[in-house]
Amino acid sequence: GQVQHRDAGGCSVSSCKSQAKGMPKDTVLAIARAYLEPMSQALHVAHWDIKLEVKHIASKEGAAAQVFMDNDYHKARIVIDHRECDSEADVCRYLRHELIHLLLGPFDLYADTTREALKGVDGASSLLDVDHRVFTHAVEQAVLNLERVFDFGIKYQPWIHETFEEVLPFPVPATVAA
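Cut-offs used in this document
- Residues numbered from 1 in each chain as written.
- Predicted model: local features only at pLDDT ≥ 70, side-chain atom pairs only at ≥ 80, totals over all residues.
- Heavy atoms only, no water.
- Helix = DSSP H or I, 4+ residues; strand = E, 2+ residues; numbered from the N terminus.
- Buried < 20%, exposed > 50% of the residue type's maximum accessible area, 1.4 Å probe, protein only.
- Contact = heavy atoms within 4.5 Å.
- Areas by Shrake-Rupley, 256 points an atom, 1.4 Å probe, with all protein chains shown as cover.
- Salt bridge = Lys/Arg side-chain N within 4 Å of Asp/Glu carboxyl O.
- Expected span 1.5 Å × (residues − 1).
- Patch = residues over 30% accessible without salt bridge, like charges linked within 9 Å, V, L, I, M, F, W, Y side chains within 5 Å.
- Phe/Tyr/Trp six-rings, centres within 6.5 Å; stacked < 30°, edge-to-face > 60°.
- Lys NZ or Arg CZ within 6 Å of the ring centre and 35° of its normal.
- Pairing = 2+ DSSP bridges.

Chemist: So, the overall build of the protein chain: which residues are in play, and what are the values?
Modeler: Scanning the protein chain from terminus to terminus reveals 6 helices and 4 strands. In the protein chain, the succession of helices and strands from N to C terminus is β-α-α-β-β-β-α-α-α-α. Buried positions account for 38% of the 178 residues belonging to the protein chain. Sequence separation of 24 or more characterises 75% of the internal contacts of the protein chain that already satisfy a separation of 6 or more. For the protein chain, the computed accessible surface area is about 10800 Å², with 58% contributed by carbon and sulfur atoms.

Rendered as structure tokens:
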């Protein structure tokens, strides 16, 4: 089945923009196409068949982009709202955000199948609402945390450094070092 995410930066990116001027659809599409392959390679999701679409997203959450994915066949459609894009950086940020969702695709598959199993069960309606709210928050936070890792890097890399002390911004106290 196909899983839908309505987010693209969630409120952290799109709703912070008070007056989006927007860019022409063809410009946004050209930018997204230019960055799709290198970003997919960098994020190790190049095996996905990804289609791009640029259009207005009618969403009460104020989403700047969405991803629709079919985890079983590694197919995805990323939709970017051109009205929320004021720069090439915006397009790249929204595209990367949605590509990161593909990394978390197995979680979507789990949630989707669990929800399907609960449909029609007496009293499940409120559980499904809670599940959707908690799952959406957890996935968006995971995406944002991965974005921070990509933006700021990993400071401690034991596979590169001989000792932990090599990466500390301060000297190790003598009592600890001994």
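Chemist: Please provide a residue-by-residue account of the pattern of salt bridges, values included.
Modeler: Here the structure, examined in full by the defined rule, presents 9 salt bridges. Between Arg 77 and Glu 53 there is a salt bridge, with the nearest N and O atoms lying 2.9 Å from each other. Of the two residues, Arg 77 is situated in strand E4 (residues 75–80) and Glu 53 in strand E2 (residues 49–54); the sequence distance between them amounts to 24 residues. Taken together, the shared-partner salt bridges in this structure form one network comprising Asp 49, Lys 51 and Lys 75.

Chemist: Describe helix H3 (residues 88–103), naming the residues involved and giving the relevant values.
Modeler: If you check H3, its first and last C-alpha atoms are 23 Å apart, about what 16 residues at 1.5 Å a residue would give, namely 22 Å. Counting buried residues in H3 gives 12 out of 16 residues, a clear majority hidden from the surface.

Chemist: Could you give an account of a nonpolar patch on the surface, naming the residues involved and the relevant values?
Modeler: The grouping of Leu 103, Val 149, Phe 150 and Ile 154 at the surface amounts to a nonpolar patch, some 310 Å² of accessible area in total. Within the secondary structure layout, Leu 103 lies in helix H3. By relative accessible area, which is 33% here, Leu 103 ends up partly exposed.

Chemist: Describe the packing of aromatic side chains, and please don't skip the residues or the numbers.
Modeler: Here the distance between the centres and the angle between the planes together describe a pair of aromatic rings. Applying the stated criterion across every chain, the model contains 0 aromatic pairs. Looking at Arg 77, its charged tip hangs above the ring of Phe 68, at a distance of 4.3 Å from the centre. The aromatic ring of Tyr 94 is capped on one face by Arg 93, whose charged end is 6.0 Å from the ring centroid.

Chemist: Quick one: what's the story with the pairing of E4, residue by residue and with numbers?
Modeler: Of the pairings in the sheet, the one linking E2 to E4 comprises 6 bridges and is parallel in character. What sits directly across from Lys 51, in E4, is Arg 77. Pairing between strand E3 (residues 65–70) and E4: 6 bridges, direction antiparallel. Residue pairing for E4: Gln 66 is matched across the bridge by Val 79. From the end of E3 to the start of E4, which pair antiparallel, there are 4 residues, and His 74 there has a positive phi angle of about 50°.

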